[in-house]
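Here are the chains, one letter per residue:
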Amino acid sequence: MLRPLLFLFAVSGLTGVHGNLCTVTGPSIIDVKGSLNFVSDRCEYSLLHDQSTGFSLKANFLDRRRRDVSFVDSLTLDFSDSDDIQLLQGHRVMVAGSPVTLTSSVQTSGGVDLSKDQTGVTASFSVNGSSVSVFFDGTTAQIYMDLPVNHTYEGLCVDSSVVSSSRLPSNHSCQQTYQDPADDTINCPAVSQKCDVLKSAPFSSCNLDVDPEPYIIACHETLCKYPDVDGLRCQFLEAYAKACEKSQAAVQNWWTAAQCHHPQPICQEKCSDHEFCGDIHGNTDCRCRAINAHQYTEQNRLGGPTVCQGNNASLTLVGCLLKENGIDYTHLHLNDQTCTGVMDDSHMLKFSFSSDSCGTEVKTNNSQVIFSNAVVTRNSSSEVITRQDKVFIEFSCSHPKPELQNVAFNILDNSVEIVLQSGEWTYSLTMKAYSDAAHTQLLDPKSDVRLNQKIWIVLETEGLDKDVVSVVTDSCWATSGNSSSSTPRYDLIRDGCANAQDGTVSVMGNGEGTSNSFSFNMFEFSGKEPSEVYLHCHLQLCVKKNTNCVPGCSAGGRRRRSLRYRRGAPALISMVWTP
């Protein structure tokens, strides 16, 4: 871990900005006295607090490529009498939680002058009679005051040794410590030489005005643990060059001599909270923060795990991990090429599918039903070359194989017959149950009728003249009790038509002659122990003369018109199945 030591440097005889300038770069803080210390966690700290006005300047530290090295990530200007101002990554500014678009022209908000150039953002204001300038470029914060710091101020910029007392209340998880393996690619002696350039030309022209020693040690301590990537070495050199500029001892053309980009490139798009702006394969883009990425990288994953809900599943991949592995998310899809992922504002790529979509494969073993899919790379035969690695990420969901509940029903009697009299007609009505559409396999008391098995019910009469009258089945319904009026009740036929809400019910020949039939799939009543299912039907006689006896059922299964065929009370006939 970075050593949280207090480095003191003699500044007597220097005519520069010590006493007026505080520099925070990477994990290091160089206070106004030139003393150096380090922040080793990911908490928010008070850099400068004026007890007389209540003004506070706060800095938030976060991890980047390593979990055990923190970097200053954002600043907050907290004014007791006006809106807070946040200076964020990517040269972005928020005032009272809302983004502000800045240019090189000064824009004033709540007495604070805000401006932006290619190097970063500057906020200028007055506190207790002193002009204060805060510069932030996403990696380095520099706070300059035109008057020496007096006794009303406190914070790390006043005394960098008070790290623990300057830590602001927050989630205790920000103090959690990590220990990543040492980076064996780092050569500390070589790093020292890289940092020592601050004593050489062209930086040496400023050495009498701004002591380079705290910047050199901050550079050395950080680069001996954290790799020299994302322009980190140049970050320390630039912090020193800016301090020299404030001291009116500007270092000319230093970035050419130090082989640094000027200005440092920034990300074109806004990075999410779990990302930071860094180098990816030679391009500046949003990289993953180490702590968030560790949960995936330690298992060699790019996201996940799979989220299973019923017959639906989803897999979320981390956008920055895809970029770091050279994978263009626009080239990814599921087994079905039309099923692509959706990238959200936090740069998480989500793929969703169900058991019957996107090329999902469904398999079963002795105890489970498994449906699987895969994220794969687009395979275009029209492309002569490709710069994309092949990707195959298989993911699946499994559910316990449903246990079949083999509930069998037996019919008590293979037919039910009643003798009826309606006016001048005396006739018999019979209800029979069959297991086939041809009505050849009569169900008897030894027959098992299983749940969802289709059965056919035939209602036949004897003693009626088919040229004169027809039999109309007006309604049929099932109950769990022997009484036709008991509850619960489930309708199969209503007003002469099949229950439109039950797609298994079909009615055949109703009102066409002296017999008709219907079919449905066997069921039992929910929430009850297996019990009898009683089937009841109401039938009417219809005189054919000048009357259409066939119920006019629409596509929805309801009768389109009322038929005037009733003569007396309807006949009621019932049949029962028992488990």
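Fair warning: this is a prediction, and the values are worked out from it, not measured in the lab.

Cut-offs used in this document
Every chain is numbered on its own, with residues counted from 1 as its sequence reads. Note on the predicted model: pLDDT of at least 70 is required for a residue's local features to be given, and 80 or more for side-chain atom pairs to be given and counted; whole-chain, interface and lining totals, by contrast, use all residues. Think of the side-chain values as coming from all heavy atoms in the structure, minus any hydrogens and water. Working definition: helices are DSSP H or I runs of at least four residues, strands are E runs of at least two. Numbering for both runs from the N terminus. Three exposure classes are used, based on accessible area relative to the maximum for each residue type with a 1.4 Å probe and protein chains only: buried under 20%, partly exposed in between, and exposed over 50%. Residues are treated as being in contact if the distance between any of their heavy atoms lies within 4.5 Å. Computed by Shrake-Rupley with a 1.4 Å probe, the accessible areas treat only the displayed protein chains as cover when residues are assessed. Strands are labelled as partners when DSSP assigns at least two bridges between them. A pair is scored as a salt bridge if a Lys or Arg side-chain nitrogen falls within 4 Å of a carboxyl oxygen belonging to Asp or Glu. Fitted lines through C-alpha atoms give the axes, limited to the stretch in contact for helices. The angle between two N-to-C directions lies from 0 to 180 degrees. Our angle categories are set so that under 35 degrees counts as roughly parallel, over 145 as roughly antiparallel, 65 to 115 as roughly perpendicular, and the remainder as oblique. In this scheme the crossing of two helices becomes right-handed for a clockwise turn of the near helix relative to the far one and left-handed for an anticlockwise turn of less than a right angle.

**Q** I'd like a description of the overall build of the protein chain, backed by residues and values.
**A** Each helix and strand in the protein chain was counted, giving 7 helices and 37 strands. With 579 residues in all, the protein chain has 48% of them scored as buried. Partitioning the intrachain contacts of the protein chain with sequence separation of at least 6 by distance along the chain shows that 62% fall at a separation of at least 24. A total of about 28200 Å² of accessible surface is found on the protein chain, and carbon and sulfur atoms cover 46% of it.

**Q** Just give me the short version of the sheet that holds strand S18 (residues 307-309), but keep the residues and values in it.
**A** Working definition: the strands of a sheet are paired by backbone hydrogen bonds and lie parallel or antiparallel to each other. Taken together, 4 strands build an open sheet; the order of strands is S18-S19-S22-S21 and the sheet is antiparallel. On the outer flanks of this sheet lie S18 and strand S21 (342-343), each paired with one strand and no other. In this sheet, strand S22 (residues 348-354) lies alongside strand S19 (residues 312-318) in antiparallel orientation, the contact comprising 7 bridges. The partner of Asn312 across the bridge, within S22, is Ser354.

**Q** Mind laying out the pairing of strand S35 (residues 515-521), listing which residues take part and the relevant values?
**A** For S35, a buried count of 6 out of 7 residues is recorded, marking the element as mostly surrounded by other parts of the structure. When strand S30 (residues 454-462) meets S35, the two strands line up antiparallel, connected through 7 bridges. From the neighbouring strand, Lys454 faces S35, where its bridge partner is Asn521. Pairing of strand S34 (residues 506-508) with S35 involves 3 bridges; the strand directions are antiparallel. Residue pairing for S35: Ser506 is matched across the bridge by Ser519. Taking the residues that link successive antiparallel strands as the turn, the S34-S35 hairpin has 6 residues, and the phi of Gly509 there is positive, at about 70°.

**Q** For the pattern of salt bridges, give the residues involved together with the corresponding values.
**A** Pairing between side chains of opposite charge can happen when their charged atoms approach one another. Applying the stated rule across the entire model yields 15 salt bridges. Between Lys33 and Asp31 there is a salt bridge; the shortest N-O distance is 3.6 Å. With relative accessibility at 0%, the residue Asp31 sits in the buried group. Between Lys323 and Glu269 there is a salt bridge whose closest N-O contact spans 2.9 Å. Highlighted residues: Lys323 in helix H7 (residues 319-324) and Glu269 in the loop between helix H5 (254-257) and strand S16 (275-280), separated in sequence by 54 residues. Under the relative-accessibility criterion, Glu269 is labelled partly exposed at 36%. Beyond isolated ion pairs, a larger network of salt bridges with shared partners links Arg66, Asp68 and Lys225.

**Q** Provide a residue-level description of the packing of helix H2 (residues 188-195) against helix H3 (residues 213-223), including the pertinent values.
**A** Contact pair H2 / H3: the axes reach a minimum separation of 9 Å and the direction vectors enclose 150°. One way to sum up the angle between H2 and H3 is to call them roughly antiparallel. When the axes of H2 and H3 are compared, the crossing they make is right-handed. Here Cys188, Val191, Ser192 and Cys195 of H2 lie close against H3, whose contacting residues are Ile216, Cys219, His220 and Leu223.

Read these as spatial facts, not as claims about activity.
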